[in-house]
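Residue-level structure breakdown
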Amino acid sequence: MSRVDTASPPARDSRLRRFRIAVIVASVVAAIVGSVLLATRDSGEKTTTLGVTATLPVPGHPGAVIAGPDALWVALNGDSQQPVGNRPLLLLDLATGAVAQTVYLGGQASHLTHVGDRLIASVQHVGSDGFGPTELAALEWRTGVVLLRREFEGPVDQLVLRGNELWALEARPGTLFRLDPGTLAPASAPLGLSPGRTLGLAAGGGYLWVTAADAGEVLRIDPATYAIKRAQVGGFPIGIVVTGGSVWYADRDAGKVVRLDPRTLRPVGESIRVGTKPSWLAVAAGSLFVTDQDDGTVARIDVHSGEKIGLPIRIARPAKDGTGPAVTPAGNSVWVSSFASNTVTRIKSTARDDRGGKVTMRVAGANNGQNVTDGSVAGVGRFTVSGAITDNGTVVVYRTVKGPLITLRVVTAGNNGAITFVIKIDTNVGTSRWTITSGTRAYKGLHGRGTESENADYTVSTLIGTVSR
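The notes below deal with the structure included here. Everything quoted here is computed from the prediction, not taken from an experiment. (Residues numbered from 1 in each chain as written. Predicted model: local features only at pLDDT ≥ 70, side-chain atom pairs only at ≥ 80, totals over all residues. Heavy atoms only, no water.)

1. Overview of the sheet that holds strand S3 (residues 71–77)
An order of S2-S3-S4-S5 is seen for the four strands of this open sheet, with the pairing classed as antiparallel. Sheet topology places strand S2 (61–67) and strand S5 (99–103) at the edges, where each strand pairs with a single neighbour. Averaged over all adjacent pairs, the angle separating strand axes in this sheet is 25°, with direction ignored. Two strands pair when backbone bridges link them, and strand S4 (residues 89–93) and S5 are joined in this way by four bridges, in the antiparallel orientation. Within the sheet, the bridge partner assigned to Leu 90 lies in S5 and is Thr 102. (Pairing = 2+ DSSP bridges. Helix = DSSP H or I, 4+ residues; strand = E, 2+ residues; numbered from the N terminus. Axes fitted to C-alpha atoms, helices over the stretch in contact; angles between N-to-C directions.)

2. Examining the pattern of salt bridges
Per the stated rule, a full pass over the model turns up six salt bridges. A salt bridge links Arg 162 to Glu 165; the shortest N-O distance between them is 3.1 Å. On the basis of relative accessibility, which here comes to 27%, the residue Arg 162 falls in the partly exposed class. A relative accessible area of 24% means that Glu 165 is categorised as partly exposed. Measuring nitrogen to oxygen at the nearest pair gives 3.1 Å for the salt bridge that ties Glu 217 to Arg 230. With Glu 217 in strand S16 (residues 217–221) and Arg 230 in strand S17 (residues 228–232), the pair connects residues that are 13 residues apart, well separated along the chain. Of the residues examined, Glu 217 reaches a relative accessible area of 13% and is grouped as buried. Look at Arg 230 and you get partly exposed, because its relative accessible area is 39%. (Salt bridge = Lys/Arg side-chain N within 4 Å of Asp/Glu carboxyl O. Buried < 20%, exposed > 50% of the residue type's maximum accessible area, 1.4 Å probe, protein only.)

3. Describing the side chain of Glu 170
By the secondary structure assignment, Glu 170 is in strand S11 (residues 165–170). One buried charged residue, Glu 170, remains without a salt bridge, the closest side chain of opposite sign being Arg 172 at 10 Å. Excluding residues within four positions of it along the chain, Glu 170 makes contact with Gly 154, Pro 155, Val 156, Thr 175, Phe 177 and Thr 198. (Lys, Arg positive; Asp, Glu negative; His and termini not counted. Contact = heavy atoms within 4.5 Å.)

4. A closer look at the packing of aromatic side chains
Under the defined criterion, the tally for this structure stands at five aromatic pairs. Relative to Phe 177, the ring of Phe 152 has its centre 5.8 Å away and its plane inclined at 25°; by these criteria the two rings are stacked. Highlighted residues: Phe 152 in strand S9 (residues 146–152) and Phe 177 in strand S12 (residues 174–179), separated in sequence by 25 residues. You can call Phe 177 buried: its relative accessible area is 4%. (Phe/Tyr/Trp six-rings, centres within 6.5 Å; stacked < 30°, edge-to-face > 60°.)

5. Some details on the sheet that holds S11
Spatially, four strands are ordered S10-S11-S12-S13 in an open sheet, and the strand pairing comes out antiparallel. If you trace the sheet from one side to the other, it starts and ends with strand S10 (156–162) and strand S13 (191–194), each paired once. Between one strand axis and the next, the sheet turns through 25° on average, direction left out of account. Pairing geometry for S10 and S11, over six bridges, is antiparallel. Along S11, the bridge assignment pairs Leu 159 with Ala 168.

6. Remarks on the pairing of strand S8 (residues 134–140)
In regular strands, side chains alternate between the two faces of the sheet. Burial analysis of S8 places six of its seven residues in the buried class, which makes it a mostly covered element. Bridge count for S8 against S9 is six bridges, and the pairing is antiparallel. Each bridged residue has a counterpart across the sheet, and for Glu 135 the counterpart in S9 is Glu 151. Taken together, S8 and the strand that follows it, S9, pair antiparallel across an intervening segment of five residues, in which Gly 144 is found at a positive phi of about 80°.

7. Topic: unusual backbone geometry
Arg 172 connects to Pro 173 through a cis peptide bond whose omega is -10°. For Pro 173, the position within the fold is in the loop between S11 and S12. Despite not being glycine, Leu 184 has its phi angle at roughly 65°, a positive value. Positionally, Leu 184 belongs in the loop between S12 and S13.

Structural data, given as structure tokens:
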């Protein structure tokens, strides 16, 4: 493709023969299978799907999730107001999104942990209320073959690895004990923590950390001495993680995330408002992801600055009094389950702030439509873009010529999706400017503008500009 106009004088003809295209990549990859219904929050706050790279439907309501480099395990749950049923674990093939294995354990898994080449599931028995006896089941990670089972009198829910130590937390009354990683048998005497519910467990900074939700406390436990330091934080603390030299917990009642100094247990900076009912936390590549029980979004926080990044990420429609989405890290991404939409969604941590920023894009191999003037396909090439948006892929260009004005309509498809933009070239004055005309999925509503230039032999076009919401 080029700007050739056979009626133009030689100087202009030289300019017209140059192919100029530009791309802004701003969208979310089409779901591997299915899609999430995107909606605005009841409050009218804007949301985005920036960073969503896959949405997989599952045949039921997903609860706990755990990810590895080659597979994703999902536990199906029932209504939290009903007795526990016999619902399976699903092994999803990440290449196709299909269910590769279905495993029934005679109950419902409330928590999943990846330990070496095994999957450990906390299984509530059929007919219980979720706070009765629990069975821990160890499965072979890649096949789902059950290797062993271990029954406990109380509701063992959360499990966490601390080095080679495996620790378990009974939800009510709050009790902590260490397990033998090989046999899952108790390896220490139980440590009483709280008469009410203890819902979150984390390891980091040399300690174990527990949220005592009913007591409004965050507990720091020395695993060597069993000494407990209590911080009265109020509210209803649930999810907790340790990262970036700080302890972070979600306060569901106050709709905020709080950052604590692990030595003093005092707040660091201001609390961070993140939604209506923040619940569980996970960390990936320097970002803290916070799920919300009701509004179908995930908030993202920079663990270094303690500031929110971009808009809330939409994974499902709002669903009041729903089951809080589970979240698990997977390299530079997290996987989030949605009870309301029957999906699991992958969110990439490296997606940039969608409130605006500079971009630089280069296109090569598309200068092959020299005589196209009627709006038909003029070229197909490859692009890479960096800055506020990072992506690469293919681009299709449609070319229209009316006198000195050349209009290029560009449709891009990269690892994160596709958008359309228009570039206007005025050959009289030698200007070339672009604007975004439409975006799909995550970048619906994205705006952008800038200028374009070429290298000496017109084989590579470079676009520089900004994008914003």
